[in-house]
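One letter stands for each residue in the lines below.
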There are 2 protein chains.
Amino acid sequence: MSVKHILLGILSWRPSSGYDIKLEVEVQGRQMGWGSISYGSIYPQLKKLEEKGLIQAQYTEKSGRKTTIYDLTGKGWTELSNWLAQPPSYPTTRDELYMKLSFWETAMPEDRHTLIQHLELRRQESLALLEHFQQWINNDRSAISEMGKIAMEYDQARLRLDIEWSDRIIEQLKQPAQPPHQDPNRLFEKARHRRKCALQQDGYKKRNGDQPQ
Amino acid sequence: MSVKHILLGILSWRPSSGYDIKLEVEVQGRQMGWGSISYGSIYPQLKKLEEKGLIQAQYTEKSGRKTTIYDLTGKGWTELSNWLAQPPSYPTTRDELYMKLSFWETAMPEDRHTLIQHLELRRQESLALLEHFQQWINNDRSAISEMGKIAMEYDQARLRLDIEWSDRIIEQLKQPAQPPHQDPNRLFEKARHRRKCALQQDGYKKRNGDQPQ
DNA sequence: TTGGACATGTAACGGGTTACATGATTGA
DNA sequence: TCAATCATGTAACCCGTTACATGTCCAA
């Protein structure tokens, strides 16, 4: 889950410097849905892993520049295996768009246009990622294992679903607003009222130069 | 993206105490893919939001117990709207299973069984979540907006895809191992060799009581 | 009368990013 | 010679969780 394991994993592919790792994560991470990892995270962690004897430094020259290449030790390989054998925890995604979708009705029901823009942005980003993928998977430069391929195909399927749903939601948002699917306690009505009152009161305060507290 | 906005969002649904919010996030968060938020995060943040004048406390009695109910102020509502109007950032998911899938080939290619177990666990978890959803969406107790419904349907579609793919991958893993999809530099071969050497060397050290460093 | 839900808090810690600092090499 | 890339690091900070502390009310 942590940077530590990602580093061990990347080093299992090939011996690398901190700089290499950063680049690798930048590229691979794009696919995998993790963003990049900062140097402030990588270098200290590499030191720690070396102290623990999980990786080993080798000071070499690489095209004229000196760099420190790390590789896994036996202990490192077994540590990596142990981690892989642990049952993975269920992923949690904090999708800002999804959250905004859930709060939209109470906070700004009158403005469907902005929400459509958000969805179009998302659609476009997913599409870009999908294309990036499609050219990656057969680029003949990168090593892709049997499982790596499966994982990528799965990712592509997910992206296609995302795009499909973006379209579907945009379509619906262009139609006139529907009443809530269900609302046994008239919550949305109340929320709208609370909002109106709160905004009015605020306006009143401003007009009279009232300071809160 | 932060706790702050989630709190404002939840409070837009209905005025709530810190305790209420925790419960709400527990239930809703299940669906939405965010986990829960700790009290250590909620209460201090509520104080801060009150200081900033985004929310307002009201000390009341609720079925015999005194609680502090917060509600949005006008300023709070506009802050929430402003946030909603910001283009959402593309979500990053750190899926441990996905990562393990990518590292599996180099670190433990011989053990496909454990990986199958991971996938079966994932399949089962996704299925449970899907069922939870299906009963939620028509429970006639919760308020579900037009967009909330769409979001949930999208989630269900995603979960069904996840389950479908778990099955597909499990199926493939039960077949004999395939060679890499592509590997122009014989990376996987090399990795296997590096691993073997590293483990042997480690074994050697142990046999001779050699201390690292 | 006791355990469990309700209810609120805080201090220490952890894991990460940001921003900053430094310097070597290379190609335009 | 100057900008870009390669390369490594650190200190301050941010945001959140964990663990702990405290107390009330209700039902079995």
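Just above sits the structure.
For clarity, every value in this text was computed on a predicted model and none was experimentally measured. (Residues numbered from 1 in each chain as written. Chains lettered and ligands numbered in written order. Predicted model: local features only at pLDDT ≥ 70, side-chain atom pairs only at ≥ 80, totals over all residues. Heavy atoms only, no water.)

Draft legend 1. Inspection of the protein's contact with DNA strand D at higher detail. As a structural note, the neighbourhood of DNA strand D is formed by 20 residues, with Tyr19(A), Tyr43(A), Thr68(A), Ser38(B) and Arg65(B) the closest of them. In DNA strand D, atoms within 4 Å of the protein come 67% from sugar and phosphate. Note that a phosphate oxygen of DNA strand D is positioned 2.8 Å from one of the side-chain N or O atoms of Tyr19(A). For DNA strand D, a phosphate oxygen lies 2.9 Å from a polar atom in the side chain of Tyr43(A). Of all the elements in the fold, those that place two or more residues in the surface near DNA strand D are helix H2 (18-32), helix H3 (39-51) and strand S2 (65-72) of chain A together with helix H3 (39-51) of chain B. Among the elements that line the surface near DNA strand D, the one with the most residues is H3(A), at five residues. For the surface near DNA strand D, the class distribution of residues is six nonpolar, 11 polar and three charged. (Near = heavy atom within 4 Å. Polar contact = N/O pair within 3.5 Å; in protein donor to acceptor, adjacent residues only side chain to side chain. Helix = DSSP H or I, 4+ residues; strand = E, 2+ residues; numbered from the N terminus. Nonpolar A, V, L, I, M, F, W, Y, C, P; charged D, E, K, R; others polar.)

Draft legend 2. Spotlight on a nonpolar patch on the surface. All names here are of chain A. Nonpolar side chains collect at one region of the surface, where Tyr19, Leu23, Tyr39 and Tyr43 lie side by side and expose about 390 Å² of accessible area between them. Structurally, Tyr19 can be placed in helix H2. Looking at Tyr19, the relative accessible area reads 48%, which means it is partly exposed. (Patch = residues over 30% accessible without salt bridge, like charges linked within 9 Å, V, L, I, M, F, W, Y side chains within 5 Å. Areas by Shrake-Rupley, 256 points an atom, 1.4 Å probe, with all protein chains shown as cover. Salt bridge = Lys/Arg side-chain N within 4 Å of Asp/Glu carboxyl O. Buried < 20%, exposed > 50% of the residue type's maximum accessible area, 1.4 Å probe, protein only.)

Draft legend 3. Region of interest: the protein's contact with DNA strand C. Of all residues adjacent to DNA strand C, which total 21 residues, the nearest are Ser38(A), Arg65(A), Tyr19(B), Tyr43(B) and Thr68(B). Taking all atoms of DNA strand C within 4 Å of the protein, the share assigned to sugar and phosphate is 68%. One of the side-chain N or O atoms of Ser41(A) is found 3.2 Å from a phosphate oxygen in DNA strand C. Within the side chain of Tyr19(B), one N or O atom sits 3.1 Å away from a phosphate oxygen of DNA strand C. Taken together, the elements giving at least two residues each to the surface near DNA strand C come down to H3 of chain A together with helix H2 (18-32), H3 and strand S2 (65-72) of chain B. No other element matches the five residues that H3(B) contributes to the surface near DNA strand C. Looking at the surface near DNA strand C, its residues break down into six nonpolar, 12 polar and three charged.

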